[in-house]
Amino acid sequence: AADTTPFAIQAEVILKTNFFGTRNVCNELLPLIKPNGRVVNVSSIFSQTTLPKCSPELQERFRSATITEDELVKLMETFVKDAGNGVHEENGWPSFAYGVSKIGVTVLSRIQARQLKESRKGEGILLNACCPGWVRTDMAGPNATKSPDEGAETPVYLALLPTSVDSPFGLLISDKKVLAW
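Residues numbered from 1 in each chain as written. Predicted model: local features only at pLDDT ≥ 70, side-chain atom pairs only at ≥ 80, totals over all residues. Heavy atoms only, no water.

Novice: Explain the sheet that holds strand E3 (residues 172-174) residue by residue, including any values.
Specialist: The sheet built from four strands is open, its strands ordered E1-E2-E3-E4 with mixed pairing. The open sheet terminates on both sides in strands that have one partner only, identified here as strand E1 (38-42) and strand E4 (177-179). In this sheet, neighbouring strand axes are inclined to one another by 40° on average, regardless of whether the strands run parallel or antiparallel. Across three bridges, the pairing between E3 and E4 is antiparallel. Looking across to E4, one finds that Leu 172 is bridged to Leu 179. Running over the sheet, helix H5 (residues 97-119) touches E1, strand E2 (126-131) and E3 and is turned about 165° from E2. (Pairing = 2+ DSSP bridges. Helix = DSSP H or I, 4+ residues; strand = E, 2+ residues; numbered from the N terminus. Axes fitted to C-alpha atoms, helices over the stretch in contact; angles between N-to-C directions. Contact = heavy atoms within 4.5 Å.)

Put into structure tokens, the structure is as follows:
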């Protein structure tokens, strides 16, 4: 919020990094995941708290159990375009590019999990998104409530889920608990 960079540039850079970067890495690496592998995409609580700030139509699309990756990509591209044209708010988007990018990561994780369930059925691969929490980093600052070690607990928990379990799967996890989407 304190960044003086124009919102259009913030939206483009943040979406390229958080959403499109995650998507590109996953598209390259998911085919290489071995049976019983674990995939943990780092999202944020801001995906959950920013979603209600979107228009009801956008919320419905992001919550859809049948949204495709192509549809999600088009939504993320539309946000960047709308931000660039200064019409994002009137088109139902919040003025919080980071939150929108993390909505994208959470929804992408749901889509990827659904795709894995179809294409690699029975291989025991689990894919989830997680919120590490407010962690003392350069981005969050020294007043954040969690140390880096504490912030790593949920991602590591998900990465080390035993091969005998089939859940959580395709969910958003924070503090080792499922968050409602």
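Novice: Outline the packing of helix H1 (residues 7-29) against helix H4 (residues 69-84), listing residues and values.
Specialist: It is at 8 Å that the axes of H1 and H4 come closest, and there the two elements cross at 165°. Comparing their axes, H4 and H1 come out roughly antiparallel. Relative to H4, H1 is oriented so that their crossing is left-handed. In this structure, H1 uses Phe 7, Ala 8, Ala 11, Glu 12, Leu 15, Phe 19, Phe 20, Arg 23 and Asn 27 to contact H4, whose residues at the interface are Glu 69, Leu 72, Val 73, Met 76, Glu 77, Phe 79, Val 80, Ala 83 and Gly 84. A breakdown of the residues in the contact of H1 with H4 according to their chemical character gives 12 nonpolar, two polar and four charged. (Parallel < 35°, antiparallel > 145°, perpendicular 65-115°, else oblique. Left-handed = near helix turned anticlockwise from the far one by under 90°. Nonpolar A, V, L, I, M, F, W, Y, C, P; charged D, E, K, R; others polar.)

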